[in-house]
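# A closer look at the structure
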Amino acid sequence: MSRGRPGRDESPDRLYTLTGGRSRAGSDAFDLVTLVVSESDPVPGMQSEHAAILRMCRFPTAVVEVAAGLGLPVSITRILLADLHDTGRISARHPRASYRLPDHDILEQVLVGLRNL
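All of the points below concern the structure found in this document. (Residues numbered from 1 in each chain as written. Predicted model: local features only at pLDDT ≥ 70, side-chain atom pairs only at ≥ 80, totals over all residues. Heavy atoms only, no water.)

This brings us to a nonpolar patch on the surface. There is a patch of nonpolar side chains on the surface, built from Ile-106, Val-110, Leu-114 and Leu-117 and spanning about 450 Å² of accessible area. Residue Leu-114 is classed as exposed on the basis of its relative accessible area, which comes to 54%. (Patch = residues over 30% accessible without salt bridge, like charges linked within 9 Å, V, L, I, M, F, W, Y side chains within 5 Å. Areas by Shrake-Rupley, 256 points an atom, 1.4 Å probe, with all protein chains shown as cover. Salt bridge = Lys/Arg side-chain N within 4 Å of Asp/Glu carboxyl O. Buried < 20%, exposed > 50% of the residue type's maximum accessible area, 1.4 Å probe, protein only.)

Below is the structure:
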């Protein structure tokens, strides 16, 4: 029996079940490099994929890494992450939010200095 891409479950029924029939997350808060951190531990009776995400994200983990760890498409992973985010079980931040671009005047001065070399 031939399989599709390694690590992928090609069964649309399983993916449909995992997301409760949803095909999109409620928001666009999660792109590939958004860092996700668990805010709680898994609880008994929780969906196994949700529990796996909480265990995986004890330290900041990118969405693409979570998807790879689960062996699920990123689109499905985003839906699962949105579920956890809506309940406060994870927090998310984009890595770009952690730094500020230099002031425009400083960049101009650096450019002038480089040209003078």
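Let us now look at the packing of helix H3 (residues 63–70) against helix H4 (residues 74–86). Where H3 meets H4, the closest approach of the two axes is 9 Å, and the angle between their N-to-C directions is 105°. When the axis of H3 is compared with that of H4, the two are roughly perpendicular. For the pair formed by H3 and H4, the contact residues are Val-63, Val-66, Ala-67 and Leu-70 on the first element and Val-74, Thr-77, Arg-78, Leu-80 and Leu-81 on the second. Residue composition of the contact of H3 with H4, grouped by class: 7 nonpolar, 1 polar and 1 charged. (Axes fitted to C-alpha atoms, helices over the stretch in contact; angles between N-to-C directions. Helix = DSSP H or I, 4+ residues; strand = E, 2+ residues; numbered from the N terminus. Parallel < 35°, antiparallel > 145°, perpendicular 65-115°, else oblique. Contact = heavy atoms within 4.5 Å. Nonpolar A, V, L, I, M, F, W, Y, C, P; charged D, E, K, R; others polar.)

Another point: the nonpolar core. Counting residues in each nonpolar core, the largest one holds 18 residues, and the members touching the most others are Phe-30, Val-36, Ile-53, Leu-70, Leu-80, Leu-81 and Ile-90. Where this core is concerned, the elements lending two or more residues are helix H2 (48–56), H3 and H4. For this core, the leading source of residues is H4, giving 5 residues. For Ile-90, the contacting residues outside a window of four places in its chain are Phe-30, Val-36, Val-37, Ser-38, Glu-39, Leu-54, Leu-81, Leu-84 and His-85. (Core = buried A, V, L, I, M, F, W, Y, C linked by side-chain atoms within 4.5 Å.)

Next up on the list: the sheet that holds strand E2 (residues 61–62). The sheet built from 3 strands is open, its strands ordered E2-E1-E3 with antiparallel pairing. If you trace the sheet from one side to the other, it starts and ends with E2 and strand E3 (90–93), each paired once. Relative to E2, strand E1 (residues 35–38) is paired through 2 bridges, and the arrangement is antiparallel. Directly across from Leu-35, in E2, lies its bridge partner Ala-62. The strands that H4 touches are E1 and E3; relative to E3, the one it contacts most, it runs at about 115°. (Pairing = 2+ DSSP bridges.)

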